[in-house]
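Chain and residue survey
What follows is the residue order along each chain.
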Amino acid sequence: MTPNRAEHKLFDVVVVGGGINGTSAARELSASGFRVLLAEKKDLANGASSRSSRILHCGLRYFETSHPVRTFAFSPRRLYGAIKMAKASMEAREELVRLQPERCKPFTMCFPLYRGDDIRGWHLDMGFALLKRLGPPDPSLEYRRITADLDMELPFATDLRDRRQLRSIATYREYMIDWPDRICVDLALEAERNGAELRLFTRVTLGERLPSGEWIIELSDGAGPIEQVIAKVVLNLTGTWMDDLIPPGRASSTPLVRGTKGAHVVVRLPDRYQGFGVATLHRGGMPFYCLPLDGDRFYFGPTETPYDGDADKARPSSQDIDFLLGEANYLLPGLNLQRCDVEFSWAGVRPLTYDPDEPMGRRTREIHDLRERGMPGVLAMTAGPIMSHRSAGRDLRDSVMGLITPSRERALATCIPENVVSARIPRSADQEEACRSAVLSEHARDLRGILYTRTARAWGRHLDRDTVEHTAKCVADLLDWGPEQVAAQVDEFLEHQRSAFPHGSAC
Ligand SMILES: Cc1cc2nc3c(=O)[nH]c(=O)nc-3n(C[C@H](O)[C@H](O)[C@H](O)COP(=O)(O)OP(=O)(O)OC[C@H]3O[C@@H](n4cnc5c(N)ncnc54)[C@H](O)[C@@H]3O)c2cc1C
C-alpha cells in the first residue's frame, strides 16, 4: 500500500549521516532556507570524521607517490585529479585558518630527503611552487629546503636514520585540525539554530519513491521503527556505509565507496620534537607522518589497508601497531620506540571513491547523482576530507538547489558573521559544567558522546574508572540514570576505551 503523503512530515532535504560532510551540508542547506532533517544512526562524528589523521594538508599529499614523475607523466587523469585536490586543499586551508583559527594548530612539517630517493629535492621545490600558484597567498607555506646545520635548525634531526645519506630537509607550515568531532557538533548545532531538525541515534532506511517524486524515509532507533517522513531530496552522506543505504532492489554491481583502514599510535617524544612534525613515504610507498597531538604527545600513522567490514568495528590490530612502530623506528631510529611506549592508538575507515582501476580507491571528492541508478533526488558524496568540509557543504547545497527550491525564507543565523558562529568551548572550561552542558544543550546521550565528541577529555589518553564514574554521576540526573545504569554506562565506556583505543601493552 502506498503511504499517505499527507500523514507524514515533509522535509525538503533529509541529510543522512552526522559526520563532517553531513553536518556541513545540513548547516548550509538550513541557512539557505531548506527544511532539513539531519539523522545520524549513532552520535555525531561516529564514523571517519572522528578517526582521521587530522591534518589540514597544504595539498602536497596529493603529489606524494614513490615515483611522482613516472606516475603523473603516464596518467594525465591522475595528474588532473591531484591538481584539483591540491588546489581545493590550499583553498580549504585558507578558509579554515581564517574562520576557525582556534581549531587549526600550526607546526613545521619536515620532509627528509636522502641521496638515491625517488622523491628528489627539486620535486618538492616544484611541488611547492605549484601549490603557491594554485592557492591563496595566506597563510604562507613558509617553504624552505635546509641543506646545512640541520641539527641546529631542527634539533630532532639527530634521531633520523642514515645521516650520511641525508641531503636536505624540506620544511613548510602545516596545521593540525584540532578536534574535528567538535567541528561536527558545532555545525550540527548551527544547523539546528537555523531551523533544521536533528535526530541522533536514529538510523535511516530509504523506503519507496512516491508517484509524486518524493522519498519515504524510515527512521528507527535501537528498539525498532519510530517514524516515517517524506523527503524531496535525500543526501546520502553515510561515509563507508553509503552502499548499505541503497535499497537492495536498486543496488548496482558497482559500489560507490571503497573503504581503506588507517591506524595511528600515540607516544611521548622528547623536547627536541616540540613544534615539529615529520612527513615521509614509508617503505610501502605511502605517506607516513609523525604529528604533534598535544604537549609531549605525538602520533605516527597512518596505515592504509583495504577494509570491507563494518567501520564501527574497525580497530587498530596488533599488526598495525607493529607496522607503525617499525616504520617510526626506520624513520627515526634514535627513538627506539617499543610497544610499551604506545599510550593510545586508533583506527578509522576512509570513505574513498570506488574505482575499478584503483583497487585502493580514488581520493577525489565526488558528488554522485543516483538518478543514473534509478534513484532521482538522491545524492551521495565520497572521499570528502575533513579539511574541505565547508566547500563540500556548499557544493552539496548547490546540487540540491539544482533540483528543488527552498520552502522557507533564508534562516536567521545567516545574519551572523561566519567567524563567530562556531561555539568556542575551551577544553579547560569547568569540566563538570562542560559535561552537563553537553547533555543539556548539545544532545549528548552517553559517556562516549560527552568524553570524546563534545569535550575531548578522553581523546589521546585513557581515563581511569574514578574519572569516568565521576562524570557519569555528574550527568546522571539529566539522563535519568539510577545507580545501576551509572555502573553499566561506566563499564560500557571503559570497554569501548579499551577496545577502540588500545595501548601498546607491556614490552
Ligand atoms: C585513517 C584516516 C586518516 C584521515 N586523514 C585525514 C586528514 O588528515 N585530513 C582530512 O581532512 N581528512 C582525513 N581523513 C578523511 C576524513 O576523515 C573523511 O573523508 C571524512 O571524515 C568523511 O566524512 P563523512 O561525513 O563523509 O563520513 P563519516 O564521518 O564516516 O560520517 C558518516 C556518518 O553516517 C552515519 N550513518 C551511516 N549509516 C547511517 C544510516 N543508515 N542512518 C543514519 N546515519 C548513518 C555514520 O554513523 C557516520 O556518523 C582521514 C580518514 C581516515 C579514516
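Description of the overall build of the protein
A tally of helices and strands in the protein yields twelve helices and 18 strands. The C-alpha atoms of the protein give a radius of gyration of 23 Å, which matches the 23 Å a tight globule of 507 residues would have. Once the C-alpha set of the protein is aligned to its principal axes, its extents read approximately 75 × 55 × 45 Å. Counting only contacts in the protein whose residues sit at least 6 apart along the sequence, the fraction spanning at least 24 positions is 74%. Here the protein has roughly 21500 Å² of accessible surface; of this, 50% comes from carbon and sulfur atoms. Computing the positive centroid from 67 side-chain charges and the negative centroid from 70, the protein places the two 4 Å apart.

Overview of the pattern of salt bridges
Per the stated rule, a full pass over the model turns up 41 salt bridges. Here Asp-312 and Lys-41 are joined by a salt bridge, their closest N and O atoms 2.6 Å apart. Of this pair, Asp-312 sits in the loop between strand 15 (305–306) and helix 7 (318–331) while Lys-41 sits in the loop between strand 2 (36–39) and strand 3 (55–56), placing them 271 residues apart in sequence. Linked by salt bridges that have partners in common, Arg-27, Glu-28, Glu-190, Arg-397 and Asp-398 make up one network.

Describing the environment of Thr-65
Within the secondary structure layout, Thr-65 lies in the loop between strand 3 and helix 2 (68–73). Thr-65 sits 29 residues away from Val-36 along the chain, and the two C-alpha atoms are 41 Å apart.

Regarding the domain arrangement of the protein
Taken domain by domain, the protein consists of domain 1 (5–49 + 180–256 + 358–414), domain 2 (90–177 + 258–351) and domain 3 (431–500). Distance from the C-alpha centre of domain 2 to the C-alpha centre of domain 3: 32 Å. Counting from both sides, the interface comprises ten residues of domain 2 and, opposite them, eight residues of domain 3. Both faces considered, domain 2 and domain 3 share a buried interface measuring about 740 Å² in area, 53% of it formed by carbon and sulfur atoms. Taken together, the links from domain 2 to domain 3 amount to one salt bridge. The closest approach of N and O atoms between Arg-461 and Asp-294, which form a salt bridge, is 3.8 Å. The interface formed by domain 2 and domain 3 includes two residue pairs in polar contact (both at pLDDT 80 or more). The set of elements that each furnish at least two residues to the side of domain 2 that touches domain 3 consists of strand 13 (287–294) and strand 16 (344–353). Here the side of domain 2 that touches domain 3 takes three residues from strand 16, the largest share from any one element.

A short note on the packing of helix 9 (residues 431–442) against helix 11 (residues 465–479)
Where helix 9 meets helix 11, the closest approach of the two axes is 10 Å, and the angle between their N-to-C directions is 35 degrees. Handedness of the crossing formed by helix 9 with helix 11: right-handed. Here Glu-432, Cys-435, Arg-436, Val-439 and Leu-440 of helix 9 lie close against helix 11, whose contacting residues are His-470, Thr-471, Cys-474, Val-475, Asp-477, Leu-478 and Leu-479. Split into classes, the residues belonging to the contact of helix 9 with helix 11 amount to seven nonpolar, two polar and three charged.

Observations regarding the nonpolar core
By size, the foremost hydrophobic cluster in this structure holds 71 residues, and its most contacted members are Leu-131 and Phe-493. Apart from residues no more than four positions distant in its own chain, Phe-493 is found in contact with Leu-447, Arg-448, Leu-451, Tyr-452, Ala-458, Leu-463 and Val-468. Core analysis: the second largest hydrophobic core is formed by 31 residues, Tyr-114, Leu-154, Ile-321 and Leu-337 among them.

Some details on the packing of aromatic side chains
This model, assessed by the stated rule, comprises 14 aromatic pairs. Aromatic pair Phe-128 and Tyr-143: ring centres 4.3 Å apart, planes at 15 degrees, arrangement stacked. On the criterion of sequence distance, the pair formed by Phe-128 in helix 4 (residues 121–134) and Tyr-143 in the loop between helix 4 and strand 5 (144–146) is long-range, its members being 15 residues apart. For Tyr-143, a relative accessible area of 25% corresponds to the partly exposed category. Residues Phe-344 and Phe-501 carry aromatic rings whose centres are separated by 4.9 Å and whose planes lie at 10 degrees to one another, so their mutual orientation is stacked. Within this pair, whereas Phe-344 is found in strand 16, its partner Phe-501 is found in the segment after helix 12 (483–500), the two being separated by 157 residues in sequence. The same class applies to Phe-344 as to Phe-501, namely buried. Taken together, Tyr-299, Phe-344, Trp-346, Tyr-452, Trp-459, Phe-493 and Phe-501 form an aromatic cluster joined through their ring pairs. For Arg-161, the ring lying beneath its charged end belongs to Tyr-114, and the centroid distance is 4.5 Å. Lying across the ring of Tyr-330, Arg-283 places its NZ or CZ 4.0 Å from the centre.

Focus on unusual backbone geometry
In this structure, Pro-139 follows Asp-138 across a cis peptide bond, with omega equal to -10 degrees. Position of Pro-139 relative to the elements: it lies in the loop between helix 4 and strand 5. The linkage connecting Gly-301 with the following residue, Pro-302, adopts the cis geometry, with an omega of -5 degrees. A positive phi angle, close to 55 degrees, is found at Ala-45, a residue other than glycine. Take Ala-45: it is sitting in the loop between strand 2 and strand 3. A relative accessible area of 5% means that Ala-45 is categorised as buried. Positive phi outside glycine occurs at Trp-179, with the angle close to 75 degrees. Position of Trp-179 relative to the elements: it lies in the loop between strand 6 (166–177) and helix 6 (180–193).

Scoring rules and cut-offs
Along each chain, the written sequence defines residue order, and numbers are assigned to residues from 1. Totals for whole chains, interfaces and linings use all residues, but because this is a predicted model, local features are given only for residues with pLDDT of at least 70 and pairs of side-chain atoms are given and counted only at 80 or more. Side-chain measures here rest on the full set of heavy atoms in the structure, leaving out hydrogens and waters. Counting from the N terminus, the helices are DSSP H or I runs at least four residues long and the strands are E runs at least two residues long. Note that the radius of gyration is over C-alpha atoms, with the globule rule given as 2.2 Å times the number of residues to the power 0.38. Residue contacts follow a heavy-atom distance rule, with two residues in contact if any of their heavy atoms lie within 4.5 Å. Each accessible area value is a Shrake-Rupley result obtained with a 1.4 Å probe; residue values ignore everything except the protein chains displayed when judging cover. Two residue types count as positive, namely Lys and Arg, and two as negative, namely Asp and Glu; His and chain ends fall outside the count. The atom standing in for a charge is NZ when the residue is Lys, CZ when it is Arg, CG when it is Asp and CD when it is Glu. Basic side-chain nitrogens of Lys or Arg form a salt bridge, by our definition, when they fall within 4 Å of a carboxyl oxygen of Asp or Glu. Where a domain begins and ends is set by an automatic assignment or by a domain database. Reported buried area values correspond to the accessible surface (1.4 Å probe) lost by two parts on association, with both partners' losses combined. A 3.5 Å cut-off defines polar contacts: any pair of N or O atoms within that distance qualifies, except that in protein one atom must be a possible hydrogen donor and the other a possible acceptor, and neighbouring residues in sequence count only when both atoms are side-chain atoms. For helices, the fitted axis covers only the stretch in contact; all axes are lines through C-alpha atoms, and the angles between them, taken along N-to-C directions, range from 0 to 180 degrees. Each crossing gets its handedness from the near helix: less than a right angle anticlockwise from the far helix is left-handed, clockwise is right-handed. Residue polarity is assigned by list, with Asp, Glu, Lys and Arg as charged and Ala, Val, Leu, Ile, Met, Phe, Trp, Tyr, Cys and Pro as nonpolar; anything else, Gly included, falls into the polar class. Here, nonpolar core means buried Ala, Val, Leu, Ile, Met, Phe, Trp, Tyr and Cys residues that are tied together by side-chain atoms lying within 4.5 Å of each other. Categorising residues by exposure relies on relative accessible area from a 1.4 Å probe, with only protein chains included: less than 20% of the type maximum marks a residue as buried, more than 50% marks it as exposed, and the intermediate range marks it as partly exposed. Any two rings among Phe, Tyr and Trp, with Trp reduced to its six-membered ring, count as a pair given centres within 6.5 Å; such a pair is stacked if its planes are under 30 degrees apart, edge-to-face if over 60, and tilted if neither. Both a distance and an angle decide whether a charge sits over a ring: NZ of Lys or CZ of Arg must be within 6 Å of the ring centre and within 35 degrees of the ring normal.

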